[in-house]
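Overview (structure and organization)
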Amino acid sequence: MTYFRILLLSCPVLAASGAVAQSANQPASSVSAKAQAIHDSAIVVDTHADTPQRFLDEGFDIGSTDPNDAGHISLDKARRGNLGAEFFSIWVDPETNQGHFARHTFDLIDSVYEQAARHPDRMKMAYSVADIERAHKEHKLAALMGIEGGHSIENDMHLLRDYYRLGVRYMTLSWSNTNEWADSSGDLDDSKVERHNGLTDFGKQVVLEMNRLGMMVDISHVADKTFWDAIATTKAPVIASHTSARALVDAPRNMTDDMLRAVAKNGGVVQVNFYSGFVDQNFRNVNEAQDKDEKAAVQKYLDALKAQGKPVNYIEKDRIEREWTAKIPRPPFKVLIDHIDHIAKVAGVDHVGLGSDFDGVSGATPQGMDSAADLPKITQALLDRGYSAEDIKKILGGNILRVFRQVETVSREMQAQSR
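Cut-offs applied
Residues numbered from 1 in each chain as written. Predicted model: local features only at pLDDT ≥ 70, side-chain atom pairs only at ≥ 80, totals over all residues. Heavy atoms only, no water. Helix = DSSP H or I, 4+ residues; strand = E, 2+ residues; numbered from the N terminus. Rg over C-alpha atoms; globule rule 2.2 N^0.38 Å. Buried < 20%, exposed > 50% of the residue type's maximum accessible area, 1.4 Å probe, protein only. Lys, Arg positive; Asp, Glu negative; His and termini not counted. Charge placed at Lys NZ, Arg CZ, Asp CG, Glu CD. Salt bridge = Lys/Arg side-chain N within 4 Å of Asp/Glu carboxyl O. Phe/Tyr/Trp six-rings, centres within 6.5 Å; stacked < 30°, edge-to-face > 60°. Lys NZ or Arg CZ within 6 Å of the ring centre and 35° of its normal. Axes fitted to C-alpha atoms, helices over the stretch in contact; angles between N-to-C directions. Parallel < 35°, antiparallel > 145°, perpendicular 65-115°, else oblique. Contact = heavy atoms within 4.5 Å. Nonpolar A, V, L, I, M, F, W, Y, C, P; charged D, E, K, R; others polar. 1 Å grid on protein atoms, 1.4 Å probe; cavity = no way out; pocket = protein on both sides within 12 Å on 5 of 7 lines; lining within 4 Å. Points joined across faces, edges and corners; volume = space filled by probe spheres on them. pLDDT = per-residue confidence, 0-100.

This next bit is on the overall build of the protein. Of the regular secondary structure elements, the protein holds 18 helices and nine strands. The C-alpha atoms of the protein give 20 Å as radius of gyration, which agrees with the globular expectation for 419 residues (22 Å, within 12%). Counting over 419 residues, the protein shows a buried share of 59%. Where the 47 positive side-chain charges of the protein centre and where its 59 negative ones centre are 4 Å apart.

Overall, the coordinates contain 28 salt bridges when judged by the stated rule. For D224, the salt bridge goes to R246, with nearest N and O atoms at 2.8 Å. Placement of D224 in helix α10 (residues 224-233) and of R246 in the loop between β7 (239-240) and α11 (257-266) is noted, with a sequence separation of 22 residues between them. Given the relative accessible area of 29%, D224 is considered partly exposed. On the basis of relative accessibility, which here comes to 18%, the residue R246 falls in the buried class. A single salt-bridge network, built from bridges that share partners, covers K334, D338, D341, K345 and R385.

A full pass over the atoms with the stated rule returns eleven aromatic pairs. Ring centres of F106 and Y163 lie 5.3 Å apart, and the angle between their planes is 55 degrees; on these two criteria the pair is classed as tilted. Taken as a pair, F106 in helix α6 (residues 101-118) and Y163 in helix α8 (residues 157-165) lie far apart in primary sequence, 57 residues in all. In this structure, F106 and Y163 share a single accessibility class: buried. Look at F227 and W228: their rings are 4.9 Å apart centre to centre, the planes differ by 80 degrees, and that puts the pair in the edge-to-face class. According to the relative accessible area criterion, W228 is partly exposed, its value standing at 37%. Grouped by ring-pair contacts, the aromatic residues F55, F60 and F88 constitute a single cluster. Over the ring of Y164 we find R169, and its NZ or CZ is 3.7 Å from the ring centre. Directly above the aromatic system of W324 lies the positively charged group of K327, at a separation of 3.6 Å from the ring centroid.

At a closest axis distance of 12 Å, the pairing of α6 and α8 adopts a crossing angle of 5 degrees. As judged from the angle between their axes, α6 and α8 are roughly parallel. In contact with A102, T105, F106 and I109 of α6, α8 contributes L159, D162 and Y163. Residues belonging to the contact of α6 with α8 are distributed by class as follows: five nonpolar, one polar and one charged.

Computed from the structure, the second largest pocket encloses a volume of approximately 220 Å³. What lines the second largest pocket is simply L75, A78, R79, N82, L83, G84, R122, H136, H139, K140 and L141. Counting only elements with at least two residues in the lining of the second largest pocket, the list comes to α5 (75-80) and β2 (83-90). If one sorts the elements of the lining of the second largest pocket by residue count, α5 sits on top with three residues. Per-class residue counts for the lining of the second largest pocket are four nonpolar, four polar and three charged.

When pLDDT is averaged across the protein, the result is 93; 93% of the residues are at 70 or more. For the stretch residues 1-27, pLDDT sits under 50, and the model shows 41 contacts to residues farther than four places along the chain or on other chains.

Put into structure tokens, the structure is as follows:
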């Protein structure tokens, strides 16, 4: 559906490489009957999957049963992993969509609606905690949406409200690009970027309007000062939709322990990212060492496509990035659990969840985490580390549902006060 029609819908490299290769032989654990029972009794919620890029650019059908599909998300894979709710990422590449951020945002939103319409017996759009619970009872995947990057609103509060009306229930204040009102962690070393020392006055207004609407404020990707400004401004709990722990992996996208404690004090939740480069330092070191050559190869490929008059999109870029990612041995499954465990210990077990980044990391996930079908392995690993069934169910989805409810409550209160 077009933009207009949808409005009608109200380290040394060798040493690092050796370390990764050595750990690559450690398999993920199998799932016991006890762990499977705990997992099946939970509403499992993942807050970040980039599958809409596949819907739009690849023509991918979420009902696909193709055994050769390398993607992380399909209805079959979700069912096998008891995935109850997925927040599909509405991410607009700022480089290839200059001048039409909103239009591409609407196209991606529409792609999610089209998938739900194609599979009404197995998938349904959801807009609230009650909708997620209703879909769970009907044994359907609850499809929600989160905008990844504040540039999608084009500095227009009207667009923010339009996105909410169309079902968007969180927005990441910035992606890897600093926008006109929020600094990003992704371009800290770029001297050409005009920075704001966190959030501008307009950026703080955006946060408050998100509170009023009932849209969760997502602080993944933001610069540290932007994080602290958001925490100081918001009237509702925040989320980090797909972020891991900086104490374990030194990535600007990850959160420091002070940040984790601040999210806990705020009542929010940190949803752990599964990307190997954010959960394993050895993988990150090797990836950074080959980054220059990889970018050059990607650019050469994209330039060749442009010269032939062929479209350049996320899928084309992802294909060649997967080739480079495959050169680095995958880290062991345990590193993912280490991040969940660390955040649970620092922030508290009430403030950690799952934000996979499925279909957005060129296949770079730890061993044993090949798709949504593997989510029960997380339950087994947490059980092995001594977590209770109650706490495991909080991590699998209970914590994000609690935050979502609180955001809905704050919204109702703010709207009642403004009448």
